[in-house]
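Given next are the chains, with one letter for each unit.
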Amino acid sequence: MKIAILGSGLMGAKLGRIWAQCGHELRFAYSRSQAKLERLATETGGRATSVSEAVAGADAILLAVHWSRIEDVLSQAGDMAGQVVLNCCVPLDTSNSDLVLGPKTSGAEQLAAMRPDARWVATFNTSPSESFAPVFARKGQADPPQLLIYGNDESAKSVARGLIEDIGFTPVDAGGLRTGRFVEPFAMVTAELAYGQPGGPALTYRFEKLRG
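Now for a look at the structure at hand.

Rules of the game
Residues numbered from 1 in each chain as written. Predicted model: local features only at pLDDT ≥ 70, side-chain atom pairs only at ≥ 80, totals over all residues. Heavy atoms only, no water. Helix = DSSP H or I, 4+ residues; strand = E, 2+ residues; numbered from the N terminus. Contact = heavy atoms within 4.5 Å. Polar contact = N/O pair within 3.5 Å; in protein donor to acceptor, adjacent residues only side chain to side chain. Buried < 20%, exposed > 50% of the residue type's maximum accessible area, 1.4 Å probe, protein only. Phe/Tyr/Trp six-rings, centres within 6.5 Å; stacked < 30°, edge-to-face > 60°. 1 Å grid on protein atoms, 1.4 Å probe; cavity = no way out; pocket = protein on both sides within 12 Å on 5 of 7 lines; lining within 4 Å. Points joined across faces, edges and corners; volume = space filled by probe spheres on them. Nonpolar A, V, L, I, M, F, W, Y, C, P; charged D, E, K, R; others polar.

### Describing the environment of Asp 93
Step number 1: Relative to the helices and strands, Asp 93 resides in the loop between β5 (84-87) and α5 (107-114).
Step number 2: Separated by 26 residues in sequence, Asp 93 and Trp 67 have C-alpha atoms that sit 7.4 Å apart.
Step number 3: When sequence neighbours within four positions are dropped, the list of residues in contact with Asp 93 reads His 66, Asp 98 and Val 100.
Step number 4: Polar contacts involving the side chain of Asp 93 include one to the main-chain amide nitrogen of Asn 96, which spans 2.9 Å.

### Remarks on unusual backbone geometry
Step number 1: In this structure, Pro 103 follows Gly 102 across a cis peptide bond, with omega equal to 0°.
Step number 2: Residue placement: Pro 103 occurs in the loop between β5 and α5.
Step number 3: A positive phi is found at Met 80, a non-glycine position, where the angle reads about 50°.
Step number 4: Secondary-structure assignment places Met 80 in the loop between α4 (70-77) and β5.
Step number 5: Positive phi values are uncommon outside glycine, yet Asn 96 reaches one of about 60°.
Step number 6: Following the sequence through the fold, Asn 96 ends up in the loop between β5 and α5.
Step number 7: Among the residues examined, Asn 96 registers a relative accessible area of 45% and is labelled partly exposed.

### Comments concerning the packing of aromatic side chains
Step number 1: Throughout the structure, instances matching the rule amount to six aromatic pairs.
Step number 2: Taking the centre distance of 5.8 Å and the plane angle of 75° together, the rings of Phe 186 and Tyr 205 count as edge-to-face. Of this pair, Phe 186 sits in helix α8 (residues 180-196) while Tyr 205 sits in the segment after α8; the two residues are 19 residues apart in sequence, bridging distant segments of the chain.
Step number 3: Arranged with centres 6.2 Å apart and planes meeting at 45°, the rings of Phe 186 and Phe 207 form a pair that is tilted. Remark: Phe 207 occurs in the segment after α8 and Phe 186 occurs in helix α8; sequence separation between them is 21 residues.
Step number 4: Ring-pair connections join several aromatic residues into one group, and the members of that group are Trp 19, Phe 124, Phe 132 and Phe 169.

### Overview of the layout of surface pockets
Step number 1: If you add up the space inside the largest pocket, you get close to 970 Å³.
Step number 2: Taken together, 33 residues form the lining of the largest pocket, with Met 11, Val 65, His 66, Leu 92 and Asn 96 sitting closest to its centre.
Step number 3: The set of elements that each furnish at least two residues to the lining of the largest pocket consists of α1 (10-21) and α8.
Step number 4: The element that contributes the greatest number of residues to the lining of the largest pocket is α8, accounting for six residues.
Step number 5: Class assignment for the residues of the lining of the largest pocket results in 15 nonpolar, 13 polar and five charged.

Following this line, the structure appears as C-alpha cells:
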C-alpha cells in the first residue's frame, strides 16, 4: 500500500518504520525539520514530500500531529475525499495535560466534521508508541495485545485492521466515531499507566469477556 504519514513525531516515525518492513510504500510529510523527513525517507526507502504530494493517490493516510496543528495540516491536505484516514491524535491542550474536547463530542467527530468526505478511522491512540517495536518483535505469538479501532466506514475499518495487524496487534472494533467521546479519555488513562507509573512505557492491553 501507499501510505502517507502526516507528522514525523514518535507515532508517525515508529509506525512508518514498521510498515516499511512489511513492504508498504511510505511518504513522509509535515515536520518542522525537513532533515528529519529526509532521514525517515532514507531509513524506510520512502519519500519526503509536501503534504499535498503525500496524500495524492495514497491508499491510506496516517494523521499523527499534535492537536494544535490540525487546522494547519488539514489546510495543506485538502478534502481527502474518499481516502482512508487513520487518526491517532488525541485532542490535547498545548501542555499535553488536558483534553480540550468532550464529553459531548470528540476529536474523532470533530475531524470528520472538518473533512466529511474523508473515510475516518481512529486507532493507535490507546497504546504508547514505545509498545510498537516490542509488539512487532513478538508478532505471531499467542495472545497478541489488542488495539481499539472505531469509525463509521466499515470498508475503511477493514483497511485499518490490516495495518494494525501488520504491527502485531489484534484490532478490537469499538463502534463508530462517537465512541471517541469515551476512548479519548481512556487514552489518557493508558498514558498515565505508561508514563506515570513504574515499569516503563511499553504498555499494551487485552480485554476478555468471561463466559459461563
